[in-house]
Amino acid sequence: MGQKLKIAGWISVGALAGALTTVSLQTVARAGLAPLPLEELQQLAAVFGMIKSDYVEPVDEKKLISEAISGMVASLDPHSQYFDKKSYKEFREGTTGRFVGVGIEITQEDGLVKVVSPIEGSPADRAGLKTGDLITRIDSTAVKGLSLNEAVKKMRGEPNTKVVLTIYRKDENRSFPVTITREEIKTQSVKAKVIEPGYAWIRLSQFQDRTVDDFVRKIDEIYKQDPKLKGLVLDLRNDPGGLLDAAVAISAAFLPDNVTVVSTNGQLAESKFTYKASPEFYARRGADPLKRLPESTRAALRTVPLVVLVNEGSASASEIVAGALQDHKRGTVMGSQTFGKGSVQTVRPLGPDTGLKITTARYYTPSGKTIQAKGIVPDVLVDETPDGNPFAALRTREADLEKHLGNGVDKEQADPKKEQARENAREEALKKLEEQSRKPLAERKPPEYGTDKDFPLTQALNRLKGQPVLVSKTQVERKEAPKEN
C-alpha cells in the first residue's frame, strides 16, 4: 500500500460535464513497450512538414504539435485530455473548489456548450442561467467549433472582469446576451439540516478538498441538534464526482472498518487496486478527519437507518459511494439509474506545466459489478415528481457519449423497438418542455433540494419511517447499448 501511495500522488473522480474525472497524478517508468510504428510516424512527420511549407500562411510549430497531441488523445474516449499550460492550472484548481470564472458546470451538445447546472450562489446563478441553456457565443467568439476546453478558457479570466455569454434557451425558443462579472468561485459542496425531529438530510454536491472536513462539521452539528437521530438521507443527486479519497472517506463514515469500498482494474500493475474503509486509504498526511467526530457519533453513523438519493447526474465518486453502501447493504439507494462514469483517468506531467489525462482503469463496486456505461441501479426507482420524470429522456448519460469506453461485459443487443420507444420518449419530452415554456417563470422553476416540495426526499423520508413509497411505474434499468467502433 505504501509504495502505491508513493506512485499515485492524488486521485480524483467525476462526470464529463462539469466535468470532473477520476484522476491520479503519477510518473511511471515505461518498459517493454511494443516497437513504434515507424511508417505511420514518418507520415506524421511528412504531414507536419507539408503544413509548414505548403499551408496558405505560416503556422506556429509549437501550436501545431500541441493540437496534434490534443487530437490524438481526444480520439480515445470522452475523458482523456491533453492539458496545455493554462488548462493544466485550471484543472488542478477545479479539484480545490476554488477558481475564477462564472460558476457553471458544462458539457457539449451539437457543438455548443450546454449548462449542466449553475453553481449555487455563483455569478452565473445570480444572472439567471438555467440547466439546459446553450451558450452560442462567448464575447464575440462563436462557440460552434470550439472544444469544451477552449470554451472554458474563454469563460475564465481575472477577477472583476466581464464576459458576455449569448444564451439560447430551448424552452423559451429565444436567444439573449447575459453579461457576467467573473469572480473567485468557492463552491460549497456540503449542505445539511434536520428536516424534522429524528430525521436529517445531508447533501454532497461535489467531492472536493474540503468536502470531508465540511461533512464532519455538518454531521457534528446535526447530532448535537438531534442526538437520537432515527434516519438520515445522504443526497448525491447531480453530484458529478471529485476526489477519490473523499469518496472513500465518506463511504468509510458509514461502513465497518476495512471493508472494500471500490476496486480498479487496468493494464498497469498499479491500476489493479482495492480501496478499503480504512484511514490509510483516504487520510491525508496521516490525519483521519473522521476522528474529529465524537466516538458516539461515529458509532451512530454506522448504524443509523440510511437512504441514498441518486439520479442521472450522479457520477463517478458519487457512484462509488452509492455502490459501496448498496453492496454492503448499509443503506437503501433510491432515485434514478446513475450516469455510469466508471473509468479512472491518470494525470501524468509532460513537463513543468503541461500534462496528460488518460484513462487507465475501470471502477468496480465491492461485489465486482462494473460502473462504466451502466451506473448504479437503485434498490427503489423513484421519479423526480409525482407525475414522473418528464424530461429524463433528454438527459445524457455515459453510454450516450461518443467514443465512450465499454464496460468489459456483454452488452444488450440492439433492439429496434426499444430504440424507437426511446425516440418516442424524447419527442414526448420535447413537447412537454414546450408546454412548460408557456408557464410563468415561477411555475417553471424546479423544487429546491431539501425542501418540503422535494418529491424524492419525501419518498426517502417515507422509507425511513416505514411508510408507503410512491415507486416509479415507468423507470426500468437501462443497459449499455452496443458500441460502434
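Summary of the structure given here. As the structure is a computational prediction, the values presented were derived from the model and not from experiment.

### What to know about the overall build of the chain
From N to C terminus, the chain includes 13 helices and 22 strands. The proportion of buried residues among the 485 residues of the chain is 48%. Taking contacts inside the chain between residues at least 6 apart in sequence as the whole, the part at least 24 apart equals 71%. When the accessible area of the chain is evaluated, it comes to approximately 24,300 Å², of which 53% is carbon and sulfur surface.

### Considerations on the pattern of salt bridges
Within the structure shown, the criterion is met by 19 salt bridges. Where Arg217 meets Glu221, a salt bridge forms, and the shortest distance between an N and an O atom there is 3.8 Å. Here Glu221 and Arg217 lie together in helix H7 (residues 211-225), a separation of four residues that amounts to about one turn. The network of salt bridges with common partners includes Asp133, Arg169, Glu172 and Arg174.

### Overview of the packing of helix H2 (residues 38-54) against helix H3 (residues 61-74)
Axis separation between H2 and H3 bottoms out at 12 Å; the angle between their running directions is 140°. Between H2 and H3, the angle falls in the class oblique. As H2 runs across H3, the sense of the crossing is right-handed. Packed against H2, whose contacting residues are Phe48, Ile51 and Lys52, the element H3 presents Glu61, Leu64 and Ile65 at the interface. Looking at the contact of H2 with H3 residue by residue, the classes come out as four nonpolar, no polar and two charged.

### Things to note about the nonpolar core
Of all hydrophobic cores here, the largest spans 54 residues; its most connected members are Leu204, Phe207, Leu232, Leu234, Phe254 and Val308. Looking at which element gives the most residues to this core, the answer is helix H8 (residues 244-254), with nine residues. When neighbours within four sequence positions are excluded, Phe207 is seen to be in contact with Leu236, Asp239, Gly241, Gly242, Leu243, Ala246, Ala247, Ile250, Ala317, Ser318 and Val321. Counting 19 residues, the second-largest nonpolar core is a separate cluster that includes Ile104, Val163, Phe176 and Ile180.

### Here's the deal with the sheet that holds strand S12 (residues 190-196)
In a beta sheet, neighbouring strands pair by backbone hydrogen bonds and run either parallel or antiparallel. Spatially, S12-S13-S14-S18-S19-S22 is the arrangement adopted by the six strands of the open sheet, whose pairing is mixed. The open sheet terminates on both sides in strands that have one partner only, identified here as S12 and strand S22 (380-381). Inspection of the sheet shows S12 paired to strand S13 (residues 199-204) by six bridges, in the antiparallel sense. Note that in S13 the partner of Lys193 across the bridge is Trp201. In the packing of helix H10 (residues 317-327) onto the sheet, the strands contacted are strand S14 (231-235), strand S18 (306-310) and strand S19 (332-335), and the crossing angle to S18 comes to about 145°.

### Examining the environment of Val380
Turning to its location among the elements, Val380 is positioned in strand S22. Assessed through its relative accessible area of 11%, Val380 is described here as buried. C-alpha separation for the pair Val380 and Ala460, spaced 80 residues apart in sequence, amounts to 9.7 Å. Apart from residues no more than four positions distant in its own chain, Val380 is found in contact with Thr332, Val333, Met334, Gly335, Arg463, Val469 and Val471.

### A word on unusual backbone geometry
Within the chain, Asp139 stands out as a residue other than glycine whose phi angle is a positive 55°. Examined against the element boundaries, Asp139 turns out to sit in the loop between strand S7 (134-138) and strand S8 (141-142).

### A word on the side chain of Asp214
On the secondary structure map, Asp214 appears in helix H7. Sequence-distant contacts of Asp214, defined by excluding residues within four places in its chain, comprise Gln188, Ser189 and Val190.

### Details of H8
Counting buried residues in H8 gives eleven out of eleven residues, a clear majority hidden from the surface. Every buried residue belonging to H8 is among Leu244, Asp245, Ala246, Ala247, Val248, Ala249, Ile250, Ser251, Ala252, Ala253 and Phe254, and all of these are buried.

### Comments concerning the pairing of strand S6 (residues 112-118)
Successive side chains on a regular strand alternate, one facing one side of the sheet and the next facing the other. Within S6, six of the seven residues are buried, leaving the element largely enclosed by the surrounding structure. Note that strand S5 (residues 104-109) and S6 share six bridges and pair antiparallel. Its bridge partner lying in S6, Glu105 is registered against Ser117. In this antiparallel pair of consecutive strands, S5 and S6, the connection spans two residues, and Asp110 shows a positive phi of 55°.

### Side note on a nonpolar patch on the surface
A cluster of nonpolar side chains, Leu36, Leu38, Leu41 and Leu44, forms an exposed patch at the surface whose accessible area comes to about 420 Å². Among the structural elements, Leu36 can be located in the loop between strand S2 (22-25) and H2.

### Brief notes about the packing of aromatic side chains
Two numbers describe a pair of aromatic rings. These are the distance of the centres and the angle of the planes. All chains considered together, the criterion is met by four aromatic pairs. Both rings, one in Phe83 and one in Tyr88, keep their centres 5.9 Å apart while their planes meet at 20°; by these two values the pair is stacked. A single burial state applies to Phe83 and to Tyr88, both of which are buried. Ring geometry for Phe215 against Phe254: centres 6.0 Å apart, planes inclined by 70°, an arrangement best described as edge-to-face. With Phe215 in helix H7 and Phe254 in helix H8, the pair connects residues that are 39 residues apart, well separated along the chain. Taking the relative accessible area as the measure of exposure, Phe215 reaches 0% and is therefore buried. Taken together, the ring pairs connect Phe273, Tyr275 and Phe281 into an aromatic cluster. Over the face of the ring belonging to Phe176 we find Arg174, whose NZ or CZ atom lies 4.1 Å from the ring centre.

Rules used in this analysis
- Residues numbered from 1 in each chain as written.
- Predicted model: local features only at pLDDT ≥ 70, side-chain atom pairs only at ≥ 80, totals over all residues.
- Heavy atoms only, no water.
- Helix = DSSP H or I, 4+ residues; strand = E, 2+ residues; numbered from the N terminus.
- Buried < 20%, exposed > 50% of the residue type's maximum accessible area, 1.4 Å probe, protein only.
- Contact = heavy atoms within 4.5 Å.
- Areas by Shrake-Rupley, 256 points an atom, 1.4 Å probe, with all protein chains shown as cover.
- Salt bridge = Lys/Arg side-chain N within 4 Å of Asp/Glu carboxyl O.
- Axes fitted to C-alpha atoms, helices over the stretch in contact; angles between N-to-C directions.
- Parallel < 35°, antiparallel > 145°, perpendicular 65-115°, else oblique.
- Left-handed = near helix turned anticlockwise from the far one by under 90°.
- Nonpolar A, V, L, I, M, F, W, Y, C, P; charged D, E, K, R; others polar.
- Core = buried A, V, L, I, M, F, W, Y, C linked by side-chain atoms within 4.5 Å.
- Pairing = 2+ DSSP bridges.
- Patch = residues over 30% accessible without salt bridge, like charges linked within 9 Å, V, L, I, M, F, W, Y side chains within 5 Å.
- Phe/Tyr/Trp six-rings, centres within 6.5 Å; stacked < 30°, edge-to-face > 60°.
- Lys NZ or Arg CZ within 6 Å of the ring centre and 35° of its normal.

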